[in-house]
Amino acid sequence: MQAVSVIYAVERLGKMIYLVVGNENEGIFSSQVADVCRFLSSELKHKITLLALVSVKNFFKTRKFIKGEYRRSIVVPMLFGWRWWKANILLLILIFILLREEKVIARGAFATVLALLLKKLRLTKKVIYDARGALVAESLEYNVITYEHMKKESEKIERISVNEADLMIAVSQALVRYWQDNYGYTKTHHVVIPSTLNTIYTDRFPAQEEIIRRREEEGLSDKVVIVFSGSGSGWHSLH
């Protein structure tokens, strides 16, 4: 039902930009960005344009990879780099004046805050926060933010994204509770869509015969096996 809800919600918004800022991990990009854009484009029959602001370093290699993952992409170098991420609003203003897109799905809190600035400037009308996790919790656990000044402002960035976005996509109900407990989130403009595997991984699943053989080897033929693959923090798992 949640997936149906988000499809309906997004469908009402029409054409849009999917905005990614400074995230160039190929595995994440393939499964959490390109797959999302392909799904929205095919299922909703809408033209989703992927706008990726990436590092100047290895720009042409990154651009080639992104274009290969999703053809309808605009890939531009971050003029001020990831360290000075806020300054890239100047680049986005120019792009949105040219594109005249009215809706933005922003991956992550930093991209969402930039999109909300565009909304305040009346260069876009709707902003969807695609939250793949809890920014502050992930930063503490995985050290995903390398610059100290960005770590210090990450809580403020996440709070703004949670409370000001028009719609939010969460990976779990636990993440929504995390927003409620930490940021005073009281609204209901969110949907929960769990993370899924990229099809390149499911295509490589072993045959049933191989699974049976391996279970026998491990002495697990008559047992239920539960595998958890994720972090141990509260927003992602049990306390």
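Higher on the page you've got the structure.
Criteria and cut-off values
- Residues numbered from 1 in each chain as written.
- Predicted model: local features only at pLDDT ≥ 70, side-chain atom pairs only at ≥ 80, totals over all residues.
- Heavy atoms only, no water.
- Phe/Tyr/Trp six-rings, centres within 6.5 Å; stacked < 30°, edge-to-face > 60°.
- Buried < 20%, exposed > 50% of the residue type's maximum accessible area, 1.4 Å probe, protein only.
- Helix = DSSP H or I, 4+ residues; strand = E, 2+ residues; numbered from the N terminus.
- Pairing = 2+ DSSP bridges.
- Right-handed = clockwise from strand over helix to strand, strands pointing away.
- Axes fitted to C-alpha atoms, helices over the stretch in contact; angles between N-to-C directions.
- Contact = heavy atoms within 4.5 Å.
- Salt bridge = Lys/Arg side-chain N within 4 Å of Asp/Glu carboxyl O.
- Parallel < 35°, antiparallel > 145°, perpendicular 65-115°, else oblique.
- Left-handed = near helix turned anticlockwise from the far one by under 90°.
- Nonpolar A, V, L, I, M, F, W, Y, C, P; charged D, E, K, R; others polar.

Novice: I keep staring at the packing of aromatic side chains and nothing clicks. Help me out?
Specialist: Given two aromatic rings, one states the distance between the centres and the angle between the planes to describe the pair. On inspection of all chains with the given rule, the structure shows five aromatic pairs. Judged by centre distance (5.2 Å) and plane angle (70°), the ring pair of Phe59 and Phe60 falls under edge-to-face. Residue classification places Phe59 among the buried residues on the basis of a relative accessible area of 13%. With a centroid separation of 6.0 Å and 85° between ring planes, the pair formed by Trp179 and Tyr185 is classed as edge-to-face. Residue Trp179 is classed as buried on the basis of its relative accessible area, which comes to 0%. Given the relative accessible area of 2%, Tyr185 is considered buried. Members of the aromatic cluster, each reached through a chain of ring pairs, are Tyr129, Trp179 and Tyr185.

Novice: Teacher, can you tell me more about the pairing of strand E4 (residues 103-107) here?
Specialist: Along a regular strand, successive side chains alternate from one face of the sheet to the other. In terms of burial, E4 is a largely internal element, five of the five residues being buried. Pairing of strand E1 (residues 16-21) with E4 involves three bridges; the strand directions are parallel. Across the sheet, residue Leu19 finds its bridge partner in E4, namely Ala106. Bridging between E4 and strand E5 (residues 126-130) involves five bridges; their strand directions are parallel. Each bridged residue has a counterpart across the sheet, and for Ala106 the counterpart in E5 is Tyr129. Handedness of the crossover joining E4 and E5 through helix H5 (residues 109-120) is recorded here as right-handed.

Novice: Looking at this structure, how should I read the sheet that holds E1?
Specialist: The pairing of strands in a sheet comes from backbone hydrogen bonds and takes either a parallel or an antiparallel form. One open sheet holds the seven strands; their spatial order is E3-E2-E1-E4-E5-E6-E7, and the pairing between them is parallel. The two strands at the open ends of the sheet, each matched to only one other strand, are strand E3 (73-77) and strand E7 (190-192). The mean angle between the axes of side-by-side strands here comes to 20°, regardless of whether they run parallel or antiparallel. Of the strands in this sheet, strand E2 (48-54) and E3 touch helix H3 (residues 59-69), which is tilted by about 165° from E3.

Novice: Can you help me understand the pattern of salt bridges in this one?
Specialist: A side chain of one charge can pair with a side chain of the opposite charge if their charged atoms are brought near each other. Inspection of the entire model under this criterion finds 10 salt bridges. Glu155 serves as the salt-bridge partner of Arg159, at 3.6 Å between the closest nitrogen and oxygen. Note that Arg159 and Glu155 are positioned in helix H7 (residues 148-164) at a spacing of four residues, about one turn of the helix. Taking relative accessible area as the criterion, Arg159 reaches 35% and is therefore assigned partly exposed. Taking the relative accessible area as the measure of exposure, Glu155 reaches 42% and is therefore partly exposed. Among the salt bridges present, the one from Lys223 reaches Asp222, with a minimum N-O distance of 3.5 Å. Given a relative accessible area of 44%, Lys223 falls into the partly exposed group. Classification of Asp222 as exposed rests on a relative accessible area of 67%. A network of salt bridges, in which partner residues are shared, links Glu210, Arg213, Arg214 and Glu217.

Novice: Please clarify how the packing of helix H4 (residues 89-99) against H5 should be interpreted in this entry.
Specialist: Geometrically, a packed helix pair is captured by the angle between its two axes and the distance between the axes. Relative orientation of the contacting elements H4 and H5 amounts to 55°, with a least axis distance of 10 Å. When the axis of H4 is compared with that of H5, the two are oblique. Where H4 crosses over H5, the handedness of that crossing is right-handed. Residue-level inspection shows Ile89, Leu92, Ile93 and Phe96 of H4 in contact with H5, the latter providing Leu114, Leu117 and Leu118. Looking at the contact of H4 with H5, its residues break down into seven nonpolar, no polar and no charged.

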